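Chain by chain, the residues run as shown.
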Amino acid sequence: MPQDSGKASITPLTPLEFAAQVLGVDLWSKQEEVLNSLLEHRRVAVKSGNGLGKGLCAAVALLWFLHIHDSRDESAIMLSTAPTFRQVRHILWRQVHRLYRPAAKILKGKMLDIRWEISDERYAMGLSAENADQFQGSQNPNMFIVVDKAEGVSDEIYEAIDAVMTAADPLLLLIGNPTSVSGAFRRAFYEEHNL
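First, a word on scope: everything that follows refers to the structure included in this document. In this text, all values refer to a predicted model and were calculated from it rather than measured experimentally.

Let's shift gears to the pairing of strand β2 (residues 76–82). The element β2 is largely enclosed, with a buried count of 7 among its 7 residues. Residues Ala76, Met78, Ser80 and Ala82 of β2 are buried on one face, and the alternating residues Ile77, Leu79 and Thr81, pointing to the opposite face, are buried as well. Relative to strand β5 (residues 122–128), β2 is paired through 7 bridges, and the arrangement is parallel. Paired with Thr81 across the bridge in β5 is Leu127. Strand direction decides the pairing type here: β2 and strand β6 (residues 143–147), joined by 5 bridges, are parallel. Residue pairing across strands places Met78 opposite Phe144, the latter belonging to β6.

Further remarks concern the nonpolar core. If you look at the biggest cluster of nonpolar residues, it comprises 44 residues, and the most contacted ones within it are Leu23, Leu63, Trp93, Trp116 and Leu173. In contact with Leu173, other than residues within four places in its own chain, are Val34, Leu38, Val44, Val46, Ala58, Ala61, Phe144, Ile145, Val146 and Val147. Ala129, Val153, Ile157 and Met165 belong to the second largest nonpolar core, which has 21 residues in total.

This paragraph deals with the sheet that holds strand β7 (residues 171–176). Read across the open sheet, the 7 strands follow the order β1-β7-β6-β2-β5-β4-β3; overall the sheet is mixed. Across the chains shown, the open sheet's two edge strands, defined by having one partner strand only, are β1 (43–47) and β3 (110–111). By the bridge criterion, 2 bridges tie β3 to strand β4 (residues 115–119) in an arrangement that is antiparallel. Pairing of Lys110 across the sheet is with Glu117, part of β4. Along the sheet face, helix α6 (residues 155–164) touches β1, β2, β6 and β7 and points at about 165° away from the line of β6.

Mapped onto the secondary structure, Ser80 falls in strand β2. Taking C-alpha positions, Ser80 is 9.3 Å from Ala58, a pair spaced 22 residues apart along the chain. Apart from residues no more than four positions distant in its own chain, Ser80 is found in contact with Val88, Leu92, Trp93, Met125, Gly126, Leu127 and Val146.

The subject of this paragraph is the packing of aromatic side chains. Applying the stated criterion across every chain, the model contains 2 aromatic pairs. Centre to centre, the rings of Phe65 and Phe144 are 5.3 Å apart; their planes meet at 55°, and the pair counts as tilted. Taken together, the residues Phe65 in helix α3 (residues 54–71) and Phe144 in strand β6 connect sequence positions 79 residues apart. For Phe65, a relative accessible area of 4% corresponds to the buried category. Of the residues examined, Phe144 reaches a relative accessible area of 0% and is grouped as buried. Ring geometry for Tyr100 versus Trp116: centroids 5.8 Å apart, planes at 65°, classification edge-to-face. Highlighted residues: Tyr100 in helix α4 (residues 85–100) and Trp116 in strand β4, separated in sequence by 16 residues. We classify Trp116 as buried; its relative accessible area is 0%. Above the ring of Tyr123, the side-chain terminus of Arg115 is found at 4.3 Å from the ring centroid.

Conventions we followed
Residues numbered from 1 in each chain as written. Predicted model: local features only at pLDDT ≥ 70, side-chain atom pairs only at ≥ 80, totals over all residues. Heavy atoms only, no water. Buried < 20%, exposed > 50% of the residue type's maximum accessible area, 1.4 Å probe, protein only. Helix = DSSP H or I, 4+ residues; strand = E, 2+ residues; numbered from the N terminus. Pairing = 2+ DSSP bridges. Core = buried A, V, L, I, M, F, W, Y, C linked by side-chain atoms within 4.5 Å. Contact = heavy atoms within 4.5 Å. Axes fitted to C-alpha atoms, helices over the stretch in contact; angles between N-to-C directions. Phe/Tyr/Trp six-rings, centres within 6.5 Å; stacked < 30°, edge-to-face > 60°. Lys NZ or Arg CZ within 6 Å of the ring centre and 35° of its normal.

Right, dumping it as C-alpha cells:
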C-alpha cells in the first residue's frame, strides 16, 4: 500500500492560468494559442510581425516554466537567447522584469539583469547567440529554451541548442519575424514538420 509522503498533490497552473492568476496579464488569442501549444509540443516556432506581443508571450512562458517547477520542488533551467546581448537584455528580459515586479512575492527568487535565480538548481538566464560555447553544460531534465529574434540566430547556435536539448523532456520556443529565406528558423516552418 502506498505511503502518504505528507506533501499535498499540487496541480501546476497552465500558462494561461498563470498569466491571468499570477501575472494579471490579458492575452490575445494568438498569444494564448502559443502558450497552450507549449503543453502539447516540445518544439514550438512562431513567426509574426513587429509589435504583436511575441516578447510578452515569451516572457510569460519563461516565468511560468520556472514557477511550475518551483511548485513541484524540482530543478529546472530556462535559457533565453537572441542574436545580440542588447536584444537579450532590452527585449525579452525587459518584459520579464516588467511582469516579475508586481508578482515578486509569489514568484520568489532574485531577479538580476538577465538572470532569475530561485535556487542553485532552478534558474533562468539570458545568453547572446554570439558564441555557441555559452550553451555547453546546461543540461537538465527540465529544460526550456526561448530563441527570440530566431531568424537572426546562426545554424551553429541551433546546433548548440540541439546538443543542450538532450534532456528527458525539453521545451523549445522559437519566435521571430519571417525575414530570412534560409536557416534553421525558416526550416522550422518548411522542412522540419516535427517541431
